Amino acid sequence: MKINIAIFIFSLLIVKQALLGQTNFSAQQLTDDLLFYKSKLEQYHPNLYLYNSREKVNTFFDQLIRSTNKPLNEAEFYQKITLTSNIVKDGHSLILPSNSFIENHNSNGKFLPLQVGINNKHLYVKMNCTPSILLEDGTIINSINGISSQEIIKELSERQVRDGNNISYSTWILDNYFREYYSYIFGHPEVFDISYTVNNVNHNIRIPALYKDSIYQYRQNNYPNISQPDAQAKGVYLEYDSSKNIAILTIKDFHTEVLKNEYNQDFRKEIKSIFQNILSNNSKFLIIDLRNNQGGDVKNGVILLSFLIDKPFQIVEEYNRVKNGVIVRCEGPSFGYHKPGQNLFKGQVYVLVNGGSFSNSAIVSSCLKEHTNAIFVGTETGGNPNVLAGYAKEFILPNTKIRVEIPTKQFIMTSLKKNDGYGLKPNYEIDNSIQDNIQHNDRQIKYVMKLIEERTKGVN
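Let us look at the structure shown here. Computed from a prediction, not measured in an experiment: that's the story for all the values here.

### Topic: the overall build of the protein
- If you tally the helices and strands in the protein, you get 16 helices and 21 strands.
- Relative to its length of 460 residues, the protein is compact, with a C-alpha radius of gyration of 24 Å against a globular reference of 23 Å.
- Based on the C-alpha atoms only, the size of the protein along its principal axes is roughly 85 × 60 × 40 Å.
- Per-residue burial over the protein gives 50% buried out of 460 residues.
- Averaging the coordinates of the 49 positive side-chain charges in the protein and doing the same for the 45 negative ones gives two points 3 Å apart.

Structure follows, in structure tokens:
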């Protein structure tokens, strides 16, 4: 009997070890992984010294290595290595846990059973993925397990990717994937003590952690209309107002493979058909919705722009890469001048953007801003409109097996002189409130409709 109990306790310890971070790695192994990562950044990353000098980058890594002076498990080391995002400042430089960590994380880990969002530097409840509705959607969260919401946002944000000094993309990522990134940094507690405020009165509630399959099931039970997949969903689609004077083109993704595999759509065919439709209806205004579009193939951006720009245009002015430690010119996708298409839209274009408008969405937005009188509404794009990096190579760190993606090509859309480290800022900065998000009230598109109404009345 004693032997069986001992085996049972030992088995629990193994499960706990697997869940909490696997085996420990020596300080030397962790140092070797950091040096490996740094060497690959130096070898391939064309924007490594775009926002910080070589000296500052070297000093940062030296300090990080000195602080890694004791054995750590993968989760603990991940918390350290992701701090490099705040010095590299590149949205395509991803650092991902090892495949084994993710497998254990998803299979054995318990998570916060709330869908949590970020708005105006506050955490709030988006959805209750629990057996019953414990907190009203929209409730402001003051702290989780004794750590203030502001401190949680700070800890997560400084480890998140971004283009330059712009944190709109990192905020967008956390707003959409808070549960995952919270667990990477703060682990898998069995319960969550949450402090929140209602009618200026502070309250506390204790919510047990749940496995992911339970979280998904409760979410579906509590929000059946939102959780059910739409079999008719499209990645690129056109809508009209009642008069058909206003056309609304939504582009969720520029990735050819995503559009093909998830939506059964061909970008070129869809866009060609859409603009034929717009012109046949004599629409005077076109709203292009690029919100939450994280980019994709540059060639698809060219296809879209060929219906909107009335003269030959360049979407990317210059491509560069690192060769023997020096930035040199190189070839890149859709380089050179592109001709306008035949079915050119000549009315007024409005573009909706936000922090999720990243990579190719920012490239397209940049080109529209440079070559047209398009009006932008929303919030700052997550992607940089002047320079970014892409064509990432994936590496696996030799000891921890953490995966890193390092861009190999620099895209200059306008000029490095124009780069201030921020995204494209809209002509009209309009953000949704927490209640707008909860009630699915699209304040941004309503604002565009108001602009168009004023324009048609001759106010603008």
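Read on for the rest.
### A few points about the nonpolar core
- Counting 47 residues, the largest nonpolar core has Y37, L123, I144, F178 and I194 as its most contacted members.
- Ranked by residue count, the leading element in this core is helix α8 (residues 168-186), at five residues.
- What L123 contacts, discounting residues up to four positions off in sequence, is V116, G117, I118, T139, I140, I141, I144, S149, I152, I153 and F178.
- Of all hydrophobic cores here, the second largest spans 42 residues; its members include F267, V353, C367 and A374.

### Overview of helix α4 (residues 74-81)
- Turning to α4, its buried residues are E74, A75, F77, Y78 and I81. In an axial view of α4, the angular spread of the buried residues amounts to 160°, which keeps them on one side of the axis.
- The N-cap of α4, judged by a side-chain oxygen 3.1 Å from the amide nitrogen of A75 a few residues on, is N73.

### A few points about the side chain of E380
- With respect to the secondary-structure elements, E380 resides in the loop between β18 (375-378) and β19 (387-396).
- Although E380 is buried, it forms no salt bridge, and the closest oppositely charged side chain is K425 at an N-O distance of 5.0 Å.
- A distance of 2.7 Å separates a polar side-chain atom of E380 from the backbone nitrogen of G423.
- Ignoring anything within four residues of it in the chain, the contact list for E380 reads N166, S168, N354, G355, Y422, G423, L424, K425, P426 and E429.

### Quick word on the pattern of salt bridges
- Summed over all chains, the structure comprises 14 salt bridges.
- A salt bridge links E180 to K212; the shortest N-O distance between them is 2.2 Å. Taken together, the residues E180 in helix α8 and K212 in helix α9 (residues 212-222) connect sequence positions 32 residues apart.
- With a closest N to O distance of 3.3 Å, K418 and E370 form a salt bridge. Here the residue K418 occupies a position in the loop between β20 (403-412) and β21 (428-429), and E370 occupies one in helix α14 (residues 360-371), the gap between them amounting to 48 residues.

### With respect to helix α2 (residues 27-44)
- The terminal C-alpha atoms of α2, which comprises 18 residues, lie 26 Å apart, in line with the 26 Å expected from a rise of 1.5 Å per residue.
- Buried residues of α2: L30, T31, D33, L34, Y37, K38, K40 and L41, and no others.
- Contacts from the buried residues of α2 go to α3 (54-67), α4, α5 (85-88), β1 (95-96), β19 and β20.

### Things to note about the sheet that holds strand β11 (residues 246-251)
- One open sheet accounts for six strands, arranged β10-β11-β12-β17-β18-β21; its pairing is mixed. Two strands in the sheet have a free side with no partner beyond their single neighbour: β10 (236-240) and β21.
- Where strand β17 (residues 348-353) lies against β18, four bridges are found, and the strand directions are parallel. Within the sheet, the bridge partner assigned to Y350 lies in β18 and is I375.
- Its contacts with the sheet place helix α12 (residues 267-280) against β10, β11 and β12 (285-289), and it is angled at close to 15° to β10.
- Sheet strands touched by helix α16 (residues 443-456): β11, β12, β17, β18 and β21. Its angle to β17, the strand with the most contacts, is close to 160°.

### Focus: the pairing of β12
- Within β12, five of the five residues are buried, which leaves the element mostly enclosed by the surrounding structure.
- Direction of pairing for β11 relative to β12: parallel, over a ladder of five bridges. What sits directly across from L249, in β12, is I288.

### A closer look at the pairing of β18
- Residue alternation in β18 divides its side chains into two sets, I375 and V377 and F376 and G378, and both sets are buried.
- After leaving β17, the chain enters α14 and then returns to the sheet as β18, a path that is right-handed.
- Alignment of β18 against β21, held across two bridges, turns out to be parallel. In the sheet register, G378 faces β21, and the bridge partner there is E429.

### What about the environment of G383?
- Summarising the element assignment, G383 is placed in the loop between β18 and β19.
- On the basis of relative accessible area, G383 is assigned to the buried category, the value being 0%.
- Separated by 266 residues in the primary sequence, G383 and G117 have C-alpha atoms spaced 21 Å apart.
- Residues within four places of G383 in sequence aside, it is in contact with D163, S357, F358, S359, A362, G423 and L424.

### Side note on the packing of helix α6 (residues 99-108) against α8
- Where α6 contacts α8, the two axes come as close as 12 Å, and the packing angle between them is 110°. As far as their axial angle goes, α8 and α6 are roughly perpendicular. Seen along the crossing, α6 lies across α8 with a hand that is right-handed. Contacts between α6 and α8 involve F101, I102, H105 and N106 from the former and E180, S183 and Y184 from the latter.
- Grouping the constituent residues of the contact of α6 with α8 by class yields three nonpolar, three polar and one charged.

### Thoughts on unusual backbone geometry
- Of note in this structure, N324 is not a glycine but carries a positive phi near 55°.
- Tracing the chain through its elements places N324 in the loop between β14 (318-323) and β15 (326-329).
- Look at Y391: it is not a glycine, yet its phi comes out positive at around 55°.
- Considering the arrangement of structural elements, one finds Y391 in strand β19.

Basis of the calculations
Residues numbered from 1 in each chain as written. Predicted model: local features only at pLDDT ≥ 70, side-chain atom pairs only at ≥ 80, totals over all residues. Heavy atoms only, no water. Helix = DSSP H or I, 4+ residues; strand = E, 2+ residues; numbered from the N terminus. Rg over C-alpha atoms; globule rule 2.2 N^0.38 Å. Buried < 20%, exposed > 50% of the residue type's maximum accessible area, 1.4 Å probe, protein only. Lys, Arg positive; Asp, Glu negative; His and termini not counted. Charge placed at Lys NZ, Arg CZ, Asp CG, Glu CD. Core = buried A, V, L, I, M, F, W, Y, C linked by side-chain atoms within 4.5 Å. Contact = heavy atoms within 4.5 Å. Arc of directions from axis to C-beta. Polar contact = N/O pair within 3.5 Å; in protein donor to acceptor, adjacent residues only side chain to side chain. Salt bridge = Lys/Arg side-chain N within 4 Å of Asp/Glu carboxyl O. Expected span 1.5 Å × (residues − 1). Pairing = 2+ DSSP bridges. Axes fitted to C-alpha atoms, helices over the stretch in contact; angles between N-to-C directions. Right-handed = clockwise from strand over helix to strand, strands pointing away. Parallel < 35°, antiparallel > 145°, perpendicular 65-115°, else oblique. Left-handed = near helix turned anticlockwise from the far one by under 90°. Nonpolar A, V, L, I, M, F, W, Y, C, P; charged D, E, K, R; others polar.

These results come straight from atomic positions and should not be treated as a statement about function.
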